[in-house]
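Here is how the chains run, residue by residue.
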Amino acid sequence: MPTAAGTSIARVARRVQAEVVSVRPEGRRQRLILSVRGSEGRERQAGVDTGGGPMTLAPGQFIALPPEPSEVTRHGRVLPTLAWLAGVHDDPVHGASIEVIWETPDSIPHAEPVPVGVRQWLAPLGRPLPLPTDAVPAMVVGDAAGQGVARWLTAALVGRGSQVALILSGGDPEDHLDLTSSRRVTDQVWVTERGDLAATMAKAAARAHPAVVYSVAPTRISQRIAEIATEWGVVAQVTAFSPEQGGCGTGLCGHCALSVRARGAHRTVLPCCDGPVLPATALVRSG
Amino acid sequence: MTRLDPPHPGTTRSSNAQPRVTAAAGCGGWGPELARFGQLSDLDGLLVGPVGHRPFQANEDHGAVTAVPGGVVYQRARVREPHDVVAEVFPWLAARGLRAVVAVRGESAGEVADVVRTLRRSVDFSVVCAVEVDLTAAVDGLDAADADQAALRIAGRAAEELPRSCGVHAKVPVLHPGLVAVARSAVAGGSTALVAAGAIPLEPPQMAQAGPGVEPATIAGVRTLRGAMVEGRLPTVPVIVSGGISGSEAAARAAAAGAWGVQLGSALFADPHLLWQITQERRSHVTAMLDPAPMTTGE
């Protein structure tokens, strides 16, 4: 099982040497397991030791695979490939490994092939989903690739004693990740299509009575979930960026720029840097 | 070949030392974005911006940045209102003891002057070591005669609004047919350095192409400017290269062509750490050029 999310979250992104050691199809996507180099045989500390000190990874953060220098100079490729982090395992003997959800040509155009050999990754990127300090009933919604994050988050919440309703949505059956893995983390798993998401949330809420709602979904779906949670009067944390959207993943290119409400005014935020997790109040449309 | 030793930008108009290596406008964020990747105090300085009054209408048919062979096609970065920059960005920089070049964008002299005036009124204006005035949009589509007048007016108004301790960098498009004339007018207007911008304007006008593919054009532009300085057609000022610099080798090629400084744009999308790496390399290069061989005492 993935380790529970840590409490001290590193906001510093590092270069991490890692190699893909496992590829598992999940719907039209793949789950990759990266073995982090330089972490073997180190004493167990808080977080994952990548060779430069412990680094805590948590649900809601993502990882970037920059193009190799030769790709930059020969082909002019400058945009990295971004992927959701979906789990972390830390083993003092075998080293640390990281799970990511990898897009394929079936899921997005111009998807990159699974990297071969030891590559330099950039991690972690983004602000993670904040966890409640006490065990509270929660609802976690994951859409498409975000289901991997939702699964990890659910495991972390259950590990803290929370009752969690996990709702998995997608555009079609191939959009769903491995359901068996999700059923291992909670007994309340709801599978739905995007069009039925609101109704499914209502059914799940009637049973679970959530005190907090989390959403890992593209911005438009997160916006709808934020509005539903606001109608219920429930605190919600939602993602406003998905790695499959592309861009640089660091907030430098401005691709992710989003106009949100904050302190009664509209302002532009960069979810790659300021998020991807934002409070629901920021995404709820006025009026 | 005549060796040019342009004055340091800080020795003409400004007493502030100017950063040799920065991000390009719209590619380096406003400070916090880069702070996750290293100590900002280890950099020569930041470049924040663009700042302006007239945001480009976002083109919903295109993403902000799309990969294409040779680099990226991107929508020109959204400008941030100067009041917003004064209220949020300058205090953030001042609290950390950082200094920055501020990129200003406007299509008329009055618009640029108004933006600069607003920035100038900030109590934290001391964080600004230079203002980069983007002339690319203002001269785009103008012939050489009209373009140099536009450059003169805009650079001149910006310089008038700024204290002498603050540098004025004029960003000129290397693909403009009147490049030297535009650069000459910008310097005549008070610019202390030229930024040779290699991004290729596209249609619709808010789109442009950048990336390693534009490096040859940018370096050719640097050579053109430096050649004009050698021939006396352009006052000698430092040239900062902006466009297509994808790594250490490209930065070295730009330096060999006569660039005094380097701006990194889309290369930072691939690896933000590159900013620190090239800063260090350029410092070593400068030190190697300036420092004499180690002295021996003969003991």
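One structure accompanies this document, and this report is about it. The structure presented is a predicted model; accordingly, all values stated were derived computationally and were not measured.

1. Comments concerning the packing of helix α6 (residues 144-161) of chain B against helix α7 (residues 179-188) of chain B
Residue and element names in this part refer to chain B.
Right, so step 1: Here α6 crosses α7 at 25 degrees, and the two axes come no closer than 7 Å. In terms of orientation, α6 and α7 fall into the roughly parallel class. For the pair α6 and α7, the crossing hand works out as right-handed. Along the contact surface, α6 presents A147, D148, A151, L152 and A155, while α7 presents A181, V182, S185, A186 and A188.
Right, so step 2: Among the residues making up the contact of α6 with α7, the classes are represented as eight nonpolar, one polar and one charged.

2. Structural notes on the pattern of salt bridges
Right, so step 1: With the rule as written, the count across this model stands at 26 salt bridges over all chains.
Right, so step 2: Across the pair D143 of chain A and R194 of chain A runs a salt bridge, and its minimum N-O distance is 2.9 Å. Of the two residues, D143 of chain A is situated in strand β9 (residues 138-143) and R194 of chain A in the loop between β11 (188-193) and α4 (197-208); the sequence distance between them amounts to 51 residues.
Right, so step 3: Owing to a relative accessible area of 36%, R194 of chain A belongs among the partly exposed residues under this scheme.
Right, so step 4: For E215 of chain B, the salt bridge is made with R253 of chain B, and the minimal N-O distance between the two is 2.7 Å. With E215 of chain B in helix α8 (residues 215-230) and R253 of chain B in helix α9 (residues 248-257), this pair connects stretches of sequence that are 38 residues apart.
Right, so step 5: Bridged by salt links that share partners, the residues R28, R29, E103, D143, D172, D175 and R194 of chain A form one connected network.

3. Side note on the side chain of S169 of chain A
Right, so step 1: Tracing the sequence through the fold places S169 of chain A in strand β10 (residues 164-170).
Right, so step 2: In this view, S169 of chain A contacts G142, D143, A144, Q147, H176, T192, R194 and L197 of chain A; residues no more than four positions away in its chain are not counted.

4. Describing unusual backbone geometry
Right, so step 1: P124 of chain A follows A123 of chain A through a cis peptide bond whose omega is -10 degrees.
Right, so step 2: Structurally, the position occupied by P124 of chain A is in strand β8 (residues 118-125).
Right, so step 3: Of note, the bond from G49 of chain B into P50 of chain B is cis; its omega dihedral lies within 30 degrees of zero at 10 degrees.
Right, so step 4: Relative to the helices and strands, P50 of chain B is located in strand β2 (residues 46-51).
Right, so step 5: In this model, A144 of chain A sits at a positive phi of 50 degrees, which is unusual for a non-glycine residue.
Right, so step 6: Inspection of the secondary structure assignment puts A144 of chain A in the loop between β9 and α2 (146-159).

5. Points about the pairing of strand β13 (residues 235-239) of chain A
All names here are of chain A.
Right, so step 1: A large share of β13 lies buried, amounting to four of its five residues.
Right, so step 2: Relative to β13, strand β12 (residues 212-216) is paired through four bridges, and the arrangement is parallel. Paired with V212 across the strands is V235, a residue of β13.
Right, so step 3: Handedness of the crossover is the feature at issue here: the chain leaves β12, passes through helix α5 (residues 219-232), returns alongside β13, and the resulting connection is right-handed.

6. Thoughts on the packing of α8 of chain B against α9 of chain B
Residue and element names in this part refer to chain B.
Right, so step 1: One can describe the packing of α8 onto α9 by two numbers: an axis separation of 9 Å at closest approach and a directional angle of 20 degrees. Here α8 lies roughly parallel to α9, going by the angle between them. For α8 against α9, the interelement crossing comes out right-handed. On α9, the residues that touch E215, I219, V222, R223 and R226 of α8 are A250, R253, A254 and A257.
Right, so step 2: Grouping the amino acids of the contact of α8 with α9 by side-chain chemistry returns five nonpolar, no polar and four charged.

7. Description of the sheet that holds strand β9 (residues 200-201) of chain B
All names here are of chain B.
Right, so step 1: If you trace the four strands from one edge of the open sheet to the other, you get β3-β4-β10-β9, paired in antiparallel fashion. If you trace the sheet from one side to the other, it starts and ends with β3 (65-68) and β9, each paired once.
Right, so step 2: Note that β9 and strand β10 (residues 207-210) share two bridges and pair antiparallel. When the bridges of β10 are listed, P201 appears paired with A208.

Calculation criteria
Residues numbered from 1 in each chain as written. Chains lettered and ligands numbered in written order. Predicted model: local features only at pLDDT ≥ 70, side-chain atom pairs only at ≥ 80, totals over all residues. Heavy atoms only, no water. Axes fitted to C-alpha atoms, helices over the stretch in contact; angles between N-to-C directions. Helix = DSSP H or I, 4+ residues; strand = E, 2+ residues; numbered from the N terminus. Parallel < 35°, antiparallel > 145°, perpendicular 65-115°, else oblique. Left-handed = near helix turned anticlockwise from the far one by under 90°. Contact = heavy atoms within 4.5 Å. Nonpolar A, V, L, I, M, F, W, Y, C, P; charged D, E, K, R; others polar. Salt bridge = Lys/Arg side-chain N within 4 Å of Asp/Glu carboxyl O. Buried < 20%, exposed > 50% of the residue type's maximum accessible area, 1.4 Å probe, protein only. Pairing = 2+ DSSP bridges. Right-handed = clockwise from strand over helix to strand, strands pointing away.

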